[in-house]
Amino acid sequence: MKKGSLSINSENIFPVIKKWLYSDHDIFVRELISNGCDAVTKLKKLSLMGEYEEDGKPFRIDVIVSPTDKTIQFIDNGIGMTEEEVDKYINEIAFSGASAFLEQYKDKATEEQIIGHFGLGFYSAFMVADKVTIETRSYKEDEDAVFWECENGTDYKMKKSMKSDRGTVITLYLNEDSTEFANEYRIKEVIEKYCSFMPVEIYFTNADTPVEDAKTATVDVDAKEVDTEENNDAEKSDAAEAGDGAEKTADAADKKEEEKKEPEGPKPLNTTTPLWAKHPNDCTDEEYKEFYRKVFHDYKEPLFWIHLNMDYPFNLKGILYFPKINTQYDKLEGTIKLYNNQVFVADNIKEVIPEFLMLLKGCIDCPDLPLNVSRSALQNDGFVKKISDYITKKVADKLTGMYKVHKEDYEKYWDDINPFIKFGCLKDEKFLEKMKDAVIFKNLKGEYTTLKDYLEAGKEKYENKVFYVTDPVAQSQYINMFKNEEMDALYMDQTIDSPFITLLEQKNENVHFYRIDADLTDNFVGEELSEETVKEYTDSLTETFKKALGVENITIKVESLKNPDISSLITLSEESRRMQEMMKMYGMAGMNFDADMFGGKGETLVLNSNNDLVKYVLDNKDGEHTDDICCQLYDLAVLANRPLAPEAMTRFVARSNRLLTVLTK
Ligand code: ADP
Ligand code: MG
């Protein structure tokens, strides 16, 4: 027997490893299973090179837990290790790796800076185990099997073993804080998280489930199957006779369902060939949807997807899905799972995945990633940036391609994907550059148009002005006026539209956006009034309204609008409104702009001198109903814009009743 101390530093190393190296203790599962996969891959390579002849037994990894013994075993039938190799790869290398790690760690202040691969994967076992043993037999026929044992990660013992079959068994004796991992459901959950797509089949056994029971269970299943089949037939004929088939057939279907759930023999926990690894030409729509459901547990179908598949200048495969979202209720929140050779690394790694792409759902596998020890932090070098740029470019290509070739689909998806595209344009200059001609807007006719086409169509009527609608209900009066004048406006009613408008104005000099109620263009005005008339009307109406409303500040504008049915309107200058919105966003609301306070807010009350009510007010400054009419005209104009404040609403209702009563007299 050989004995030794792993390293003089080891007492210092383990607390450090435990604390810094892996923030998630569960990753020992990934490290040990991926070592098993590596061992299988190596042997397969040797076989391809003719250095080893396969025995026909399938390669596999077994995970066996014993809740009573508090142990976990990881078993593979891969390449195995000779005594020399255990010495070299476990006793020496790992610890020189650990020393190197410590060496670097000393000078570095933060976890993020711990970079480089130290080959410490195996030792992650000591995060959860007091004692770890290795029993291994190399594929090399004439080598003895080896037993290795190490307690507390400091001293090891090594001796010959009786292990007769090729491969490696790692046994973890869990420490008191980590017994959770001996729980079948917990460990399966961790395996699912990290190992769902590892390239070797992984089988699970709970050692505490008696083998006898398992056997009987299998027999049971068989018996049941026969049973139910008979029942089914019987029920079918019954149903036909009795004429109440529906219920019974449903019953039988239920039983069928149950049967399906019974295991037909051990199944691996993982899928060894994830869909992204297949060539896009070999994948069906159904497979893409199925994969999406399985990985993201989202039962709404994705809108469409992008299959990334490249070998040069780096290796990258993956599938990105555009999820169906309801922008009103769902949070815009996706998940991009990052894999390194089918081994899960982490979700949403910001160095590799551009921020706006994290609104999507997908898997990216990049075997060339420069990962650090903990695999979840990345070297932030040029290479990683290139990966990120490539993914962005591919997404933009797919979208612009669809815009050019399948415009109908693109328009159909637009409502769902536009927040994503706009966010991408705001976040990423290159994405904006590629996408800018494929950004579309819904117009008042419900058709899609580009900014360019909108401006072209409105050249005569509203040169370089873009009118937009944020609330089709509140702004309906203005929308109707626009329609009557055959003017167009664009719907921009998403939260993201406000910063997006700012971006568009920055990128398109001379183009200015106005909410549809910001101002009235000359298009709505009929015969022009003389300057004196305007002044006379304005002065008179201002005085009357001030008195009626009981306010000091009011901005009134008199227009002779073509449509005599319009009495009063409120316009709010684009600038003031944007300022108010900004203040609201920064939590400065309530400062100086009470819902009904007039003046100082850029609000203008537009009165149509072509309307009978306005004419009445002009002609009857002191009429019996003039005050009520003024208040009513004001409230109606406000109502078309925003809700009235509670007291104003109460007054409005009382006044409306009063005015209606006049009709009865
Ligand atoms: P890495 O996997 O990055 O090399 P590890 O600490 O995980 O670092 O493993 C160290 C070495 O131990 C491996 O490179 C391999 O040579 C050997 N090893 C670990 N587990 C196994 C195994 N199950 N079968 C064969 N060799 C193994
Ligand atoms: Mg490893």
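Parameters and conventions
Residues numbered from 1 in each chain as written. Chains lettered and ligands numbered in written order. Predicted model: local features only at pLDDT ≥ 70, side-chain atom pairs only at ≥ 80, totals over all residues. Heavy atoms only, no water. Helix = DSSP H or I, 4+ residues; strand = E, 2+ residues; numbered from the N terminus. Buried < 20%, exposed > 50% of the residue type's maximum accessible area, 1.4 Å probe, protein only. Contact = heavy atoms within 4.5 Å. Areas by Shrake-Rupley, 256 points an atom, 1.4 Å probe, with all protein chains shown as cover. Salt bridge = Lys/Arg side-chain N within 4 Å of Asp/Glu carboxyl O. Phe/Tyr/Trp six-rings, centres within 6.5 Å; stacked < 30°, edge-to-face > 60°. Axes fitted to C-alpha atoms, helices over the stretch in contact; angles between N-to-C directions. Parallel < 35°, antiparallel > 145°, perpendicular 65-115°, else oblique. Nonpolar A, V, L, I, M, F, W, Y, C, P; charged D, E, K, R; others polar. Pairing = 2+ DSSP bridges. Expected span 1.5 Å × (residues − 1). Arc of directions from axis to C-beta. Polar contact = N/O pair within 3.5 Å; in protein donor to acceptor, adjacent residues only side chain to side chain. Core = buried A, V, L, I, M, F, W, Y, C linked by side-chain atoms within 4.5 Å. Left-handed = near helix turned anticlockwise from the far one by under 90°.

*Asks:* Help me out: how do you make sense of the overall build of the protein chain in this one?
*Replies:* The number of helices and strands found in the protein chain is 18 helices and 21 strands. Among the 665 residues that make up the protein chain, the fraction classed as buried is 47%. A sequence separation of at least 24 residues applies to 72% of the contacts in the protein chain between residues at least 6 apart. Taken as a whole, the protein chain presents about 35,600 Å² of accessible surface, with 49% of it coming from carbon and sulfur.

*Asks:* How should I be thinking about the pattern of salt bridges in this particular structure?
*Replies:* For side chains of opposite charge, pairing can occur when their charged atoms come near one another. This model, assessed by the stated rule, comprises 43 salt bridges. One salt bridge in this structure joins Lys430 and Asp389, with 3.4 Å as the shortest N-O distance. In this pair, Lys430 is assigned in helix 10 (residues 429-435) and Asp389 in helix 8 (residues 382-405), connecting sequence segments 41 residues apart. A residue is classified by how much of its surface remains accessible, and Lys430, at 55% relative accessible area, is exposed. One salt bridge connects Glu485 with Lys562, and the closest N-O pair in it is separated by 2.8 Å. Of this pair, Glu485 sits in the loop between helix 12 (476-484) and strand 17 (490-491) while Lys562 sits in the loop between strand 19 (556-559) and strand 20 (568-572), placing them 77 residues apart in sequence. Here the residues in one salt-bridge network are Glu505, Glu574, Arg577, Arg578 and Glu581, joined through shared partners.

*Asks:* Could you clarify how one ought to interpret the packing of aromatic side chains in this entry?
*Replies:* What describes a pair of aromatic rings is the distance from one ring centre to the other and the angle between the planes of the rings. Tallying each qualifying case throughout the model produces 33 aromatic pairs. Each ring, one from Phe197 and one from Phe291, has its centre 5.5 Å from the other, and the planes form 40°; the classification is tilted. Remark: Phe291 occurs in helix 7 (residues 285-296) and Phe197 occurs in the loop between helix 4 (184-195) and strand 8 (202-206); sequence separation between them is 94 residues. Across this residue pair, the class does not change: Phe197 and Phe291 are buried. Considering the side-chain rings of Tyr468 and Phe513, the 6.2 Å spacing of their centres and the 55° angle between planes classify their relative orientation as tilted.

*Asks:* Explanation requested: the packing of helix 14 (residues 531-549) against helix 17 (residues 626-639) in the structure shown.
*Replies:* The description of two packed helices rests on the angle between their axes and on the distance between the axes. Their axes nearest at 9 Å, the elements helix 14 and helix 17 cross at an angle of 90°. Between helix 14 and helix 17, the interaxial angle falls into the category roughly perpendicular. Residues Thr544, Phe545, Lys547, Ala548 and Leu549 of helix 14 form the contact with helix 17, whose participating residues are Thr626, Asp627, Cys630, Cys631, Leu633 and Tyr634. Classifying every residue of the contact of helix 14 with helix 17 gives 7 nonpolar, 2 polar and 2 charged.

*Asks:* Honestly, the sheet that holds strand 12 (residues 343-347) in this entry has me stumped. Any pointers?
*Replies:* Pairing is mixed in the open sheet, where 5 strands are placed in the order 9-10-13-11-12. Each edge of the open sheet is held by one strand with a lone partner, namely strand 9 (304-310) and strand 12. The mean angle between the axes of side-by-side strands here comes to 15°, regardless of whether they run parallel or antiparallel. When strand 9 meets strand 10 (residues 316-322), the two strands line up antiparallel, connected through 7 bridges. Bridged to Met310 within strand 10 is Leu316. Contacting strand 9, strand 10 and strand 13 (361-365), helix 8 runs over the sheet at an angle of about 135° to strand 9.

*Asks:* What is the right way to look at the environment of Pro472 in this model?
*Replies:* Counting through the fold element by element, Pro472 comes out in the loop between strand 16 (465-469) and helix 12. With 28 residues separating them in the primary sequence, Pro472 and Leu444 have C-alpha atoms 9.7 Å apart. Not counting residues up to four positions away in its chain, the partners in contact with Pro472 are Ile479 and Tyr491.

*Asks:* Can you walk me through the sheet that holds strand 21 (residues 603-608) in this structure?
*Replies:* Sheets are built from strands paired through backbone hydrogen bonds, the pairs being either parallel or antiparallel. Reading across the sheet, the 3 strands line up as 19-21-20 and stay open at both edges, with mixed pairing between neighbours. Each edge of the sheet is formed by a strand with only one pairing partner; in this case those strands are strand 19 and strand 20. Along the sheet, successive strands turn relative to each other by an average axial angle of 30°, direction set aside. Note: strand 19 against strand 21, 4 bridges, orientation parallel.

*Asks:* Which parts of the structure should I look at to understand helix 15 (residues 574-585)?
*Replies:* Residue pairs three or four apart in sequence face the same way in an α-helix, which turns once every 3.6 residues. Helix length check: helix 15 (12 residues) gives 16 Å between terminal C-alpha atoms against 16 Å at 1.5 Å per residue, within 8%. Considered for burial, the residues of helix 15 that qualify are Glu574, Arg577, Gln580 and Met583. Gly587 sits one or two residues past helix 15 and shows a positive phi near 70°.

*Asks:* Which parts of the structure should I look at to understand helix 7?
*Replies:* End to end, helix 7 covers 16 Å across 12 residues, agreeing with the expected 16 Å (1.5 Å per residue, within 8%). Burial in helix 7 covers these residues: Tyr288, Lys289, Phe291, Tyr292, Val295 and Phe296. In an axial view of helix 7, the angular spread of the buried residues amounts to 160°, which keeps them on one side of the axis. Buried residues along helix 7 sit against strand 9, strand 10, strand 11 (335-340) and strand 13.

*Asks:* Quick question: what am I supposed to make of the side chain of Asn175 here?
*Replies:* Within the fold, Asn175 resides in the loop between strand 7 (167-174) and helix 4. A distance of 2.7 Å separates the side chain of Asn175 from the side chain of Ser178, its partner in a polar contact.

*Asks:* What is the right way to look at the nonpolar core in this model?
*Replies:* When a protein is soluble and globular, its nonpolar side chains tend to lie buried together. Membership of the largest hydrophobic core comes to 80 residues, with the highest contact counts inside it found for Ile391, Leu399, Tyr410, Phe420 and Ile421. Ranked by residues supplied to this core, first place goes to helix 8 with 9 residues. Excluding residues that lie within four positions of it along the chain, Ile421 makes contacts with Leu399, Tyr410, Trp414, Phe431, Met435 and Val439.

*Asks:* In this structure, what is going on with the packing of helix 2 (residues 27-48) against helix 4? I would like to understand it.
*Replies:* At a minimum axis distance of 9 Å, the contact between helix 2 and helix 4 shows a crossing angle of 65°. For the pair helix 2 and helix 4, the sense of crossing is right-handed. For the pair helix 2 and helix 4, the contacting residues are Ile27, Val29, Arg30 and Ile33 in the first and Ile187, Val190, Ile191, Tyr194 and Cys195 in the second. Of the residues belonging to the contact of helix 2 with helix 4, the class tally is 8 nonpolar, no polar and 1 charged.

Fair warning: the whole summary comes from geometry, so function is off the table for now.
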